[in-house]
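Coordinate analysis (summary)
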Amino acid sequence: MYNYSAPEQLLKDRVLLVTGAGDGIGRAAAKRYAEYGATVILLGKTIEKLEHVYDQIEQAGHPQPAIYPMNLEGASAKDYQDLQLTLDKEFGRLDGILHNAALLGVLTPIAQYDMEQWSKVMQVNLNAPYMLTRMCLPLLEKSSASSVVFTTDDVGIKGKAYWGAYAISKAAVNNMMQILADEMETNTSIRFNCINPGIVATTMRSKAYPGENPTTLAKPEDIMNSYLYLMGDDSKDVNGQIINAQS
Ligand SMILES: NC(=O)c1ccc[n+]([C@@H]2O[C@H](COP(=O)([O-])OP(=O)(O)OC[C@H]3O[C@@H](n4cnc5c(N)ncnc54)[C@H](OP(=O)(O)O)[C@@H]3O)[C@@H](O)[C@H]2O)c1
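Predicted model only: the values in this text are computed from it and were never measured.

1. Considering a negative patch on the surface
A cluster of acidic side chains, namely Glu-48, Glu-51, Asp-55 and Glu-58, defines a negative patch on the protein surface. In this fold, Glu-51 is placed in helix H2 (residues 47-59).

So, in structure tokens, the structure goes:
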């Protein structure tokens, strides 16, 4: 969907939640969704980064976004319930969620993987999107056509040495997406898919490959057509799929 061309009003009046909206791919997606008419709820850990994205969207004259600071590492079921109640009160529905926030953890053999680090990665990359999706289902059901997009990775499709908890969390996310898509195919208007960004120059990528020259890689802004496609009505019959953002 790299060459998908979205109509200008693709996301007009949509209410979309983006996790990890303060940096990297999530920041680019939040800004692009706003540019195409969406009201974007910017969820993330570092408030200054979210405020910066908020200001950029506002200055560009796009629909006013909202900021929801949340540390997914420590968030409990009650925090997700509070989020759901706040969104219901403020917006009354959700038309889509981009589950983008993730933690790389450490690249190390499983035999040496630190157990605390393992739990943190699983909490942010797997348990958080599970709890968030689950709590927000009633809000997604209030939309006439809602789209939930999870984020995967090549190492979640085929396991690779040293990628440990990160790769396993991504494999589990793919499976969770397929279960949700299968369970909700009939009787709901919610669709569930995964996006695989491919290699993109971000903070996470440079942590994994510190010696790499980022200028040789795709930038987050380069892969946004696929993100638009999966969030808008042109993909309304797509459910349970893994879409590669760069092909
Ligand atoms: N870049 C690539 O080459 C690549 C390849 C395949 C898949 N992906 C996937 O693409 C997605 C985006 O990655 P990226 O490369 O853009 O990474 P990034 O630049 O490191 O951004 C990650 C985002 O997640 C947020 N986040 C991390 N921990 C969080 C927590 N505990 N609570 C709330 N937010 C948290 C970060 O917020 P703070 O900045 O505030 O910490 C940041 O906004 C991830 O799911 C990643 O697995 C990336």
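2. Concerning empty space enclosed by the protein
The full count for this structure, using the stated rule, is one cavity of 30 Å³ or more. Around the largest cavity, the lining is made up of 13 residues, and of these His-99, Asn-100, Ala-101, Asn-125 and Pro-129 lie nearest the centre. At the level of secondary structure, the elements contributing two or more residues to the lining of the largest cavity comprise helix H4 (115-141) and helix H6 (164-183). Residue contributions to the lining of the largest cavity peak at five residues, all from H4. Its residues placed into classes, the lining of the largest cavity shows seven nonpolar, five polar and one charged.

3. With respect to the pattern of salt bridges
Tallied over the full model, the rule gives nine salt bridges. Between Asp-13 and Lys-12 there is a salt bridge, and its shortest N-O distance comes to 3.4 Å. Residue Asp-13 is classed as exposed on the basis of its relative accessible area of 53%. Across the salt bridge formed by Asp-23 and Lys-49, the nearest N and O atoms sit 2.9 Å from each other. Within this pair, whereas Asp-23 is found in the loop between strand S1 (15-19) and helix H1 (24-35), its partner Lys-49 is found in helix H2, the two being separated by 26 residues in sequence.

4. Section: the layout of surface pockets
In this structure, the largest pocket occupies an estimated 1,100 Å³ of space. Surrounding the largest pocket, 45 residues form its lining, Asn-100, Ala-101, Ala-102, Leu-103 and Met-204 being those nearest its centre. Residue assignment for the lining of the largest pocket shows that the elements contributing at least two residues are H1, H2, H4, helix H5 (154-157), H6 and helix H7 (203-208). Counting residues per element, the lining of the largest pocket draws most heavily on H7, which supplies five residues. For the lining of the largest pocket, the per-class residue count stands at 19 nonpolar, 16 polar and ten charged. When its volume is computed, the second largest pocket comes out at roughly 150 Å³. If you go around the second largest pocket, the residues you meet are Ala-145, Met-184, Glu-185, Thr-188, Ser-189, Ile-190, Arg-191, Lys-236, Asp-237 and Asn-239. Split into classes, the residues belonging to the lining of the second largest pocket amount to three nonpolar, three polar and four charged.

5. Notes on H6
Given 3.6 residues to a turn, an α-helix orients residues that are three or four positions apart in the same direction. For H6, built from 20 residues, the straight-helix expectation of 28 Å at 1.5 Å per residue is met to within 8% by its first-to-last C-alpha distance of 29 Å. When H6 is considered as a whole, its buried residues turn out to be Gly-164, Ala-165, Tyr-166, Ala-167, Ser-169, Lys-170, Val-173, Asn-174, Met-176, Met-177, Leu-180 and Ala-181. Buried residues along H6 sit in contact with H4, strand S5 (146-151), H5, strand S6 (190-196), H7 and strand S7 (242-244).

6. Here's the deal with the packing of H1 against helix H8 (residues 224-231)
In contact at an axis separation of 10 Å, H1 and H8 are set at 60° when each is read in the N-to-C sense. The angle between H1 and H8 falls in the class oblique. H8 is crossed by H1, and the crossing has right-handed handedness. On H8, the residues touching Ile-25, Ala-28, Ala-29, Arg-32 and Tyr-33 of H1 are Met-224, Tyr-227, Leu-228 and Met-231. Taken together, the residues that form the contact of H1 with H8 break down as eight nonpolar, no polar and one charged.

7. Topic: helix H3 (residues 77-90)
If you check H3, its first and last C-alpha atoms are 20 Å apart, about what 14 residues at 1.5 Å a residue would give, namely 20 Å. On the buried face of H3, the contacting elements are S1, strand S2 (39-44), strand S3 (66-69) and H4. Gly-92 lies just past H3 and shows a positive phi near 80°.

8. Side note on unusual backbone geometry
Most peptide bonds take the trans configuration, and most residues that are not glycine carry a negative phi. At Asp-13, a residue that is not glycine, the phi angle is positive and equals roughly 65°. Tracing the backbone shows Asp-13 in the segment before S1.

9. Brief notes about the pairing of S1
Counting buried positions along S1 gives five out of five residues, so the element sits mostly inside the fold. In this sheet, S2 lies alongside S1 in parallel orientation, the contact comprising five bridges. From the neighbouring strand, Thr-19 faces S2, where its bridge partner is Leu-43. Handedness of the crossover joining S1 and S2 through H1 is recorded here as right-handed. In the sheet, S1 pairs with strand S4 (residues 96-99) via three bridges, with the strands oriented parallel. Within the sheet, the bridge partner assigned to Leu-17 lies in S4 and is Ile-97.

About the cut-offs
Residues numbered from 1 in each chain as written. Predicted model: local features only at pLDDT ≥ 70, side-chain atom pairs only at ≥ 80, totals over all residues. Heavy atoms only, no water. Patch = residues over 30% accessible without salt bridge, like charges linked within 9 Å, V, L, I, M, F, W, Y side chains within 5 Å. Areas by Shrake-Rupley, 256 points an atom, 1.4 Å probe, with all protein chains shown as cover. Salt bridge = Lys/Arg side-chain N within 4 Å of Asp/Glu carboxyl O. Lys, Arg positive; Asp, Glu negative; His and termini not counted. Charge placed at Lys NZ, Arg CZ, Asp CG, Glu CD. Helix = DSSP H or I, 4+ residues; strand = E, 2+ residues; numbered from the N terminus. 1 Å grid on protein atoms, 1.4 Å probe; cavity = no way out; pocket = protein on both sides within 12 Å on 5 of 7 lines; lining within 4 Å. Points joined across faces, edges and corners; volume = space filled by probe spheres on them. Nonpolar A, V, L, I, M, F, W, Y, C, P; charged D, E, K, R; others polar. Buried < 20%, exposed > 50% of the residue type's maximum accessible area, 1.4 Å probe, protein only. Expected span 1.5 Å × (residues − 1). Contact = heavy atoms within 4.5 Å. Axes fitted to C-alpha atoms, helices over the stretch in contact; angles between N-to-C directions. Parallel < 35°, antiparallel > 145°, perpendicular 65-115°, else oblique. Left-handed = near helix turned anticlockwise from the far one by under 90°. Pairing = 2+ DSSP bridges. Right-handed = clockwise from strand over helix to strand, strands pointing away.

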